[in-house]
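Observations on chain architecture
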Number of protein chains: 2
Amino acid sequence: MSDNNKETPQLLLENQICFPLYAAANAVVRAYRPLLEKLDLTYLQYIVLMVLWEEETLNVKSLGQRLRLDSGTLTPLLKRLDAKGYVERRHSEIDERIRVISLTKQGKALKSRAEGIPHELVCTVGLSATKGRELKEICDELIRALAD
Amino acid sequence: MSDNNKETPQLLLENQICFPLYAAANAVVRAYRPLLEKLDLTYLQYIVLMVLWEEETLNVKSLGQRLRLDSGTLTPLLKRLDAKGYVERRHSEIDERIRVISLTKQGKALKSRAEGIPHELVCTVGLSATKGRELKEICDELIRALAD
DNA sequence: GGCAACTATATTGCGCACAATTTAGATTCG
DNA sequence: CGAATCTAAATTGTGCGCAATATAGTTGCC
């Protein structure tokens, strides 16, 4: 334990925990790409729509809190979803600063077309349900630990 | 099992495995940022240097295989590391197509300054060694499953 | 009412990721 | 030898992520 450094040198890529996490996240986004191409969506756009399929309507801030992303990422992304005709971006009438994001008819219609995607991905990955749960738990713990 | 959909609808963010993975990877890169700022490095630049601290010299392709990244990502990154004076990018004399990347004296010197960083991060995260190992294993499995 | 502090979103700029293409050099094989 | 094929790296273009800053609009307080 005290001669930890000799046994597992910290600066070897082999011994990193974060790098596999980082590489796995890239790999997953890459794996989603061909499945989402049919819907003309990127991975993050798909995630944003997933929130909207639940909530119908919401503003940039609460979306950002949910996904841990800021307006610098979300504003241009929402403009692209708008350009594709999947969402609308209205100004709140109560508070002009707030952008109210809502699904268009086309945006709602995408939901049924997306239904099969998570299962398709699970199949190509072939991760057991147990390991999937473990992964989710550890990642959630990490996220909580690193929140602000 | 057959009415899986009713019990855990696939299109709820809450039920996603990949999203926590994605968000955790972002969180980790974010957490590294202030630690790496002192060395004038981004997370990926740090990872690339880590490979070079092991290998002394290598070309773009083998670096890319190691990190699962392509020349579109690596070429500009290596140019930036070059501009910072941490690496050199020579053409191989045997095969002019190949770029041989090697550490400069300054690049080598960074290693000792980076020594404390992994431990610093582990502390802010506070993930147990067991869970760290589990996370690494599952991510490695995911990466293998999604390779090409 | 009016001004200071605050808040929500937008903008700018940089550095990844990666698909698609281009460029230049190496290899193969008739 | 030399054209076709292959290969390594570079380039181009799009879309994140996010820090830093800017722009409006709102609220609080005198």
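So, here's what we can say about the structure.

Thresholds, definitions, all that
- Residues numbered from 1 in each chain as written.
- Chains lettered and ligands numbered in written order.
- Predicted model: local features only at pLDDT ≥ 70, side-chain atom pairs only at ≥ 80, totals over all residues.
- Heavy atoms only, no water.
- Salt bridge = Lys/Arg side-chain N within 4 Å of Asp/Glu carboxyl O.
- Helix = DSSP H or I, 4+ residues; strand = E, 2+ residues; numbered from the N terminus.
- Buried < 20%, exposed > 50% of the residue type's maximum accessible area, 1.4 Å probe, protein only.
- Pairing = 2+ DSSP bridges.
- Near = heavy atom within 4 Å.
- Polar contact = N/O pair within 3.5 Å; in protein donor to acceptor, adjacent residues only side chain to side chain.
- Contact = heavy atoms within 4.5 Å.
- Expected span 1.5 Å × (residues − 1).

A few points about the pattern of salt bridges
Under the counting rule described, the total for this entry stands at 18 salt bridges over all chains. A salt bridge links Lys131(A) to Glu141(B); the nearest nitrogen and oxygen atoms lie 2.7 Å apart. In this pair, Lys131(A) sits in helix α8 (residues 129–146) while Glu141(B) sits in helix α8 (residues 129–146), so the two residues belong to two different chains. For Lys131(A), a relative accessible area of 33% translates into the label partly exposed. Taking the shortest distance from any N to any O, the salt bridge between Glu88(B) and Arg90(B) comes out at 2.7 Å. Taken together, the shared-partner salt bridges in this structure form one network comprising Glu54(A), Glu55(A) and Arg66(A).

Some points on the pairing of strand β3 (residues 99–103) of chain A
It is a general feature of regular strands that their side chains alternate between the two faces of the sheet. Residue and element names in this part refer to chain A. Across three bridges, the pairing between strand β1 (residues 57–59) and β3 is antiparallel. Residue Leu58 lies in a different strand from β3, and its bridge partner there is Ile101. Across five bridges, the pairing between strand β2 (residues 87–91) and β3 is antiparallel. Bridge pairing links Glu88 to Ser102 in β3.

Quick notes on the protein's contact with DNA strand D
Residues in close proximity to DNA strand D total 29 residues, the closest being Tyr22(B), Arg30(B), Lys61(B), Lys79(B) and Arg99(B). Taking all atoms of DNA strand D within 4 Å of the protein, the share assigned to sugar and phosphate is 78%. For DNA strand D, a base nitrogen lies 2.7 Å from a polar atom in the side chain of Arg97(A). The contact in question runs from a phosphate oxygen of DNA strand D to an N or O atom on the side chain of Lys79(B), over 2.5 Å.

So, the environment of Leu35(A)
Residue and element names in this part refer to chain A. Along the chain, Leu35 falls in helix α2 (residues 18–37). Residue Leu35 is classed as buried on the basis of its relative accessible area, which comes to 13%. The spatial distance from the C-alpha of Leu35 to the C-alpha of Pro118 is 9.5 Å, given a sequence separation of 83 residues. Among all residues touching Leu35, those that are not within four sequence positions of it are Ile117, Glu120 and Leu121.

With respect to α8(B)
Its 18 residues place the ends of α8(B) 26 Å apart at the C-alpha level, agreeing with the 26 Å of an ideal helix rising 1.5 Å per residue. Three or more residues of α8(B) are buried, namely Gly132(B), Leu135(B), Lys136(B), Ile138(B), Cys139(B), Leu142(B), Ile143(B) and Leu146(B). Close packing links the buried residues of α8(B) with α2, α7 (117–125) and α8 of chain A together with α2 (18–37) of chain B.

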